[in-house]
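Residue-level structural notes
Okay, here's what each chain looks like letter by letter:
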Amino acid sequence: MTSQVLRRNLLKSPVFKMHPARLCLRLAEGKMKYCLMKFCRVLCLMLTSPLRLMELTGLYGVYRRLFPFLAYNVTFSYNDKMHNTKRELFRNVCRFANADGSLRLLEIGCGSGANFKFYPDGCTVICTDHNPHFHRYLRRSMAANTHLTYGDFVVVSGEDMGQVEDESVDVVVCTLVLCSVRNVQRVLREVRRIVRPGGAFYFLEHVVSEPSTWTYFFQHVLEPLWYYLGDGCMVTRATWRDLEAAGFSEIHLRHIDAPEVTPIIRPHIMGYCIK
């Protein structure tokens, strides 16, 4: 694009049509909002310093034992609000079944089994989670979803699933998990390792909002507190960028606003990638 075309496009921008006084006011408002966000985040960090100390001393592990109970109960509310979204997300999972109709699916961070009822009949599900205390709640979901066959419950982090063989599953699923792993890129490398060629990776994740929104403001302010309440959950991740750079042959991704959920986690992405 030539410099003349660039200049012409810039002059067409609403910013250049704005009155100088209004432009200065807009810039000042943006600067004030940014400074206020940073100030409020520092205050939130100070308020959560006791939780940080608990994490450093190992006392936070007590909450990690309690978290599965809380997550299990929150699951019912989230699933009610996201029922149609999840049905749409998993509607074509059978596409990746083998010629004999079998489908081997691995879920990363399965938690209490909130996705089981959306999986197709006869599917074999392998469950992984880094928190072993989910097991008792996972068994309840297994008992309630007898249309599935279950493999082992493997206690591993998403970044290191060495116990799972290369190219051993048809589909990998990850919902509300990439927000809390320590390294998203490593998790996606593991996904590409364990899914067979032509297999798929399904995802549903909350993400950071647009910078111009108040949701973005409160995500950055409250993230230190949310991190501890959500057992490591980060609300300011642009996870779609990691997915786009992960090296899948195809990616089908949509940005959505999750209906009726807590505003701070309302921006979501959903879709699937093909290896």
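Analysis parameters
Residues numbered from 1 in each chain as written. Predicted model: local features only at pLDDT ≥ 70, side-chain atom pairs only at ≥ 80, totals over all residues. Heavy atoms only, no water. Phe/Tyr/Trp six-rings, centres within 6.5 Å; stacked < 30°, edge-to-face > 60°. Buried < 20%, exposed > 50% of the residue type's maximum accessible area, 1.4 Å probe, protein only. Helix = DSSP H or I, 4+ residues; strand = E, 2+ residues; numbered from the N terminus. Arc of directions from axis to C-beta. Contact = heavy atoms within 4.5 Å. Axes fitted to C-alpha atoms, helices over the stretch in contact; angles between N-to-C directions. Parallel < 35°, antiparallel > 145°, perpendicular 65-115°, else oblique. Left-handed = near helix turned anticlockwise from the far one by under 90°. Nonpolar A, V, L, I, M, F, W, Y, C, P; charged D, E, K, R; others polar. Disulfide = S-S within 2.5 Å.

If you check an unreviewed UniProt entry, the protein chain appears there as Thiol methyltransferase 1A from Sparus aurata.

**What to know about the packing of aromatic side chains**
As enumerated under the stated definition, the model contains 18 aromatic pairs in all. Both rings, one in Phe-201 and one in Phe-203, keep their centres 6.1 Å apart while their planes meet at 35 degrees; by these two values the pair is tilted. The same class applies to Phe-201 and to Phe-203, which are both buried. Clustering of aromatic rings is evident, with ring pairs tying together Phe-90, Phe-96, Phe-116, Phe-118, Tyr-119, Tyr-150, Tyr-202 and Tyr-272.

**Observations regarding unusual backbone geometry**
For Glu-167, which is not glycine, the phi torsion reads 50 degrees and is therefore positive. In this structure, Glu-167 sits in the loop between strand E3 (149-155) and strand E4 (169-175). Assessed through its relative accessible area of 44%, Glu-167 is described here as partly exposed. A positive phi is found at Glu-260, a non-glycine position, where the angle reads about 70 degrees. Here Glu-260 is to be found in the loop between strand E6 (250-257) and strand E7 (267-274).

**Describing the environment of Met-161**
On the secondary structure map, Met-161 appears in the loop between E3 and E4. Under the relative-accessibility criterion, Met-161 is labelled buried at 0%. The spatial distance from the C-alpha of Met-161 to the C-alpha of Val-187 is 8.8 Å, given a sequence separation of 26 residues.

**Some words on helix H6 (residues 135-144)**
For H6, every residue scored as buried is listed here: Tyr-137, Leu-138, Ser-141 and Met-142. Seen end-on, H6 carries its buried residues on one side only, within an arc spanning 145 degrees. In H6, those exposed residues whose orientation departs by more than 90 degrees from the buried face are Ala-143 and Ala-144. Contacts from the buried residues of H6 go to helix H5 (61-89), strand E2 (124-129) and E3.

**Let's talk about the packing of helix H4 (residues 49-57) against helix H8 (residues 214-229)**
Look at H4 against H8: their axes get within 10 Å of each other, and the N-to-C directions meet at 40 degrees. The orientation of H4 with respect to H8, classified from their angle, is oblique. H8 is crossed by H4, and the crossing has left-handed handedness. Taking contact as the criterion, the partners of Leu-51, Arg-52 and Glu-55 in H4 are, on H8, Leu-225, Tyr-227 and Tyr-228. When its residues are assigned to classes, the contact of H4 with H8 shows four nonpolar, no polar and two charged.

**Some remarks on the state of the cysteines**
Summed over all chains, the structure comprises zero disulfides. Between Cys-40, a free cysteine, and Cys-44, which holds the nearest cysteine sulfur, the sulfur-to-sulfur gap is 9.2 Å. Overall, Cys-40 belongs to the partly exposed group, its relative accessible area being 22%.

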